[in-house]
Amino acid sequence: MLVEVGVTTMRIVERCIDLVLMGGNDLFHNGLRALLDRDPSFRLVADVEDAVQVDVIIVDLDSIDVDESFRIIDRWHSCGIVLIGGEREQGRVRELLTRGASAYLRRTVLFDQLAATIKSVSVGSDDIVITISREDLPLFASAASVRLSARETDVLELVCQALKNDEIARQLFISQGTVKRHLANIYTKLGAVSRIDALNKAVAAGLLSARQAGPDSVRAT
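Source: prediction; values computed, not measured. (Residues numbered from 1 in each chain as written. Predicted model: local features only at pLDDT ≥ 70, side-chain atom pairs only at ≥ 80, totals over all residues. Heavy atoms only, no water.)

**Comments concerning the environment of G206**
Now for step 1: Structurally, the position occupied by G206 is in the segment after α9 (195-204).
Now for step 2: Along the primary structure G206 and V66 are separated by 140 residues, whereas in three dimensions their C-alpha atoms are 7.9 Å apart.
Now for step 3: Other than its neighbours up to four places away in sequence, G206 contacts G91 and R92. (Helix = DSSP H or I, 4+ residues; strand = E, 2+ residues; numbered from the N terminus. Contact = heavy atoms within 4.5 Å.)

Take a look at the structure:
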């Protein structure tokens, strides 16, 4: 790129941005890798663990579980981190942004917009880039408002282990009536109608990992 200043012409060399793409090997992931490979502004790094320098990490939330996504943020927060996908887990997205992710884009994002976002976060700006649809805005906002008490979280985690109310009561040294009251509060806060519904919505709100809330682990009380 050439920039003219008065009668002097200066050449500014744009440094190549080193990228790591974290996710699966589905059609979206492979297509994105091919597009990034063709853009001379970017250089894909095979393994973030072995890289000398990484400017930006792109995290495909649809192919990385909750625990792994938080591990990436906690370990590589000094890099620019761009989140893609995860449209049904807005609570998780908000928590990742709070912890240090730099941008969130839907999977339907155009490549030019993705490229501009990568360049923006690579310079270490404190701004956060978020691209969501108008339809997703209420879900994105409501997920952030869900807050469980410490005891409600204890109860929900034991529900994940398929424990019945009497078993939860024994584990926490509380009465079954108190367990039911906590469950009622959890249902109200999450807008849930059953244990399975509560677990699914807790995952969507970033309160539980998908691994914790596996549907096979839940049985009726």
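Next comes the rest of the account.
**A word on the nonpolar core**
Now for step 1: Counting residues in each nonpolar core, the largest one holds 22 residues, and the members touching the most others are V155, L156, I168, I186, L190 and L208.
Now for step 2: Elements with a contribution of two residues or more to this core: α6 (150-160), α7 (165-172), α8 (176-190) and α9.
Now for step 3: Considering each element in turn, this core owes the most residues, five residues, to α6.
Now for step 4: In this view, I168 contacts V155, L158, V159, L163, V179 and R195; residues no more than four positions away in its chain are not counted.
Now for step 5: Formed by 21 residues, the second largest nonpolar core is a distinct cluster that contains I57, L61, V66 and C79. (Core = buried A, V, L, I, M, F, W, Y, C linked by side-chain atoms within 4.5 Å. Buried < 20%, exposed > 50% of the residue type's maximum accessible area, 1.4 Å probe, protein only.)

**Examining the environment of S41**
Now for step 1: Here S41 lies in the loop between α1 (27-38) and β4 (42-44).
Now for step 2: Between the alpha carbons of S41 and R15 there is a distance of 7.6 Å; along the sequence they are 26 residues apart.

**Points about the packing of aromatic side chains**
Two descriptors summarise a pair of aromatic rings, namely the distance from one centre to the other and the angle between the planes of the rings.
Now for step 1: Considering all chains together, one arrives at zero aromatic pairs under this definition.
Now for step 2: Residue placement shows R107 over the ring face of F28; its charged tip is 4.1 Å from the ring centre. (Phe/Tyr/Trp six-rings, centres within 6.5 Å; stacked < 30°, edge-to-face > 60°. Lys NZ or Arg CZ within 6 Å of the ring centre and 35° of its normal.)

**Observations regarding the sheet that holds β4**
Now for step 1: The strand order across the open sheet built from six strands is β4-β3-β5-β6-β7-β8, with neighbouring strands paired in parallel fashion. For this open sheet the edge positions go to β4 and β8 (129-130), each flanked by a neighbour on one side alone.
Now for step 2: Relative to strand β5 (residues 56-60), strand β3 (residues 17-22) runs parallel, the two being bridged by four bridges. Bridging from a neighbouring strand, L19 pairs with V56 of β5.
Now for step 3: Against the sheet, α1 contacts β3, β4, β5 and β6 (80-84), and its axis sits at roughly 170° relative to β3.
Now for step 4: Along the sheet, helix α4 (residues 111-122) contacts β3, β4, β5, β6, β7 (103-105) and β8; its crossing angle with β6, the most-contacted strand, is approximately 155°. (Pairing = 2+ DSSP bridges. Axes fitted to C-alpha atoms, helices over the stretch in contact; angles between N-to-C directions.)

**Observations regarding the packing of α7 against α8**
Now for step 1: Following both chains from N to C, one finds α7 and α8 inclined at 105°, their axes separated by 8 Å at the closest point. In terms of orientation, α7 lies roughly perpendicular with respect to α8. On α8, the residues touching N165, D166, I168 and A169 of α7 are Q176, V179, K180 and L183. (Parallel < 35°, antiparallel > 145°, perpendicular 65-115°, else oblique.)

**Notes on α7**
Now for step 1: Those residues of α7 that fall on the buried side of the exposure criterion are N165, I168, A169 and L172. Down the axis of α7, the buried set is contained in an arc of 100°. They therefore lie on one face.
Now for step 2: Tucked into the core, α7 has its buried residues touching α6, α8 and α9.
Now for step 3: One or two positions beyond α7, positive phi appears at F173, with a value near 60°. (Arc of directions from axis to C-beta.)

**Focus on the confidence of the model for the protein chain**
Now for step 1: Summary statistics for the protein chain give a mean pLDDT of 78 and a share of 77% for residues scoring 70 or more.
Now for step 2: Least confident of the elements in the protein chain is strand β2 (residues 8-11), whose mean pLDDT is 41; most confident is α7, at 93.
Now for step 3: Note that pLDDT drops below 50 for residues 1-13; the model gives that stretch 13 contacts with residues more than four away or on any other chain.
Now for step 4: For residues 216-221, every residue scores under 50 in pLDDT, and the model assigns this stretch 16 contacts once sequence neighbours within four places are set aside. (pLDDT = per-residue confidence, 0-100.)

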